[in-house]
Amino acid sequence: PRCSAKMSSEQLLGSDSDGEQRRLQSFAGESAWSLAVASGHDEIQTMLRSALPRELLILAMNGTEAQAANLQAEQELGLKATSEDFMCADENGFGALDHALASGALDLEIWFSSLGARFQGGAAAPSALLEPLKWGDREALTRRLQSGADVSATDAVGRTTADWCLITGFCDGLVWECVEGALKISEEEAAELSGEMPSVGS
């Protein structure tokens with residue numbers, strides 16, 4: 001893996017020894033990636049690619065709009081993130097998409113999701129699915145379901161995504177199919193886990 005799982009905030013933000021933040025800045029209108037491509041430095045391009053997972057997480061944790069625009073520009077120049085690049089997580093198990101959701105950075109959330117990012121530690125956050133359900137935001141609901149948001153997450157009184165679908169009457173057609181599919185996967189995973197971990201005395 002190109003990024004160690006569950007890195008501490010100090011590891012992520014306190015050191016620049018691996019150069020993970022240098023590409024978040026532009027130099028006289030040029031980024032490090034664009035300069036490396038223009039000059040044909042393959043080794044530098046390889047280094048920049050290896051740092052991308054951490055840079056995406058750093059961006060989601062405390063990045064700026066300018067830094068996001070810089071990374072998006074580099075994507076157009078060939079440095080495209082894949083779902084693998086979003087597996088990097090902080091010490092609590094939260095990845096870039098989790099932080100984008102938690103901070104309300106909708107543009108980042110949409111961008112990361114389009115690149116294959118999935119929820120990790122924040123998958124069970126009630127806000128992931130319940131908020132768009134309550135607001136009738138079909139696009140956000142579908143996007144977050146496809147990004148692995150947990151349908152079994154509950155609100156303060158224990159209502160799940162399926163409950164809110166029934167309450168609002170909002171989940172029909174494709175959205176309801178997504179909810180049903182996610183519920184089925186959740187149930188299968190729970191059954192598999194139960195089979196691997198028999199109860200005491202069995």
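Residues numbered from 1 in each chain as written. Predicted model: local features only at pLDDT ≥ 70, side-chain atom pairs only at ≥ 80, totals over all residues. Heavy atoms only, no water.

### So, the overall build of the protein
Put simply, the rule is: Only runs of H or I of at least four residues qualify as helices and only runs of E of at least two qualify as strands under DSSP, and these elements are numbered from the N terminus. For every residue, the accessible area obtained with a 1.4 Å probe (protein chains only) is divided by the maximum for its type, and the residue is called buried under 20%, exposed over 50%, and partly exposed between those limits. When checking whether two residues touch, look at their non-hydrogen atoms; a contact exists if any pair is within 4.5 Å.
When helices and strands are tallied, the protein shows 10 helices and 2 strands. The N-to-C order of helical and strand elements in the protein reads α-β-β-α-α-α-α-α-α-α-α-α. Burial statistics for the protein: of 202 residues in total, 41% are counted as buried. Looking at the protein alone, contacts between residues at least 24 apart form 71% of all its contacts between residues at least 6 apart.

### Looking at helix 6 (residues 106-114)
Within the sequence span of helix 6, burial applies to L108, E109, W111, F112 and S113. Residue G116 follows helix 6 closely and has a positive phi angle near 100°.

### So, the packing of aromatic side chains
Stated formally: Two aromatic rings, drawn from Phe, Tyr or Trp (for Trp, its six-membered ring), form a pair once their centres lie within 6.5 Å of each other, and the interplanar angle then sorts them: stacked below 30 degrees, edge-to-face above 60, tilted otherwise.
For the structure on display, the rule yields 2 aromatic pairs. Centre to centre, the rings of F86 and F112 are 5.1 Å apart; their planes meet at 55°, and the pair counts as tilted. Here the residue F86 occupies a position in the loop between helix 4 (65-76) and helix 5 (96-102), and F112 occupies one in helix 6, the gap between them amounting to 26 residues. There is no split in this pair, since F86 and F112 are both buried.

### Quick word on the side chain of S113
Turning to its location among the elements, S113 is positioned in helix 6. Here S113 is in contact with L97, R143 and S147, once residues within four sequence places are set aside.

### Some points on the packing of helix 2 (residues 32-39) against helix 3 (residues 42-62)
Heads up, the rule is: To obtain an axis, a line is fitted to C-alpha atoms, over the contacting stretch when the element is a helix, and the angle between two such axes runs from 0 to 180 degrees between their N-to-C directions. An angle counts as roughly parallel when it lies under 35 degrees, as roughly antiparallel when it exceeds 145, as roughly perpendicular when it falls between 65 and 115, and as oblique in every other case. Should the near helix be turned anticlockwise from the far one by less than a right angle, the crossing is left-handed, and should it be turned clockwise, the crossing is right-handed.
Between helix 2 and helix 3, the least distance of the axes is 9 Å, while the angle of their chain directions is 150°. As summarised for this structure, helix 2 and helix 3 are arranged roughly antiparallel, according to the angle between their axes. Both helix 2 and helix 3 take part in a crossing whose hand is left-handed. Here A32, W33, A36 and V37 of helix 2 come into contact with helix 3, specifically with I44, Q45, L48 and R49.

Take it as geometry only, folks, not as evidence of what the structure does.
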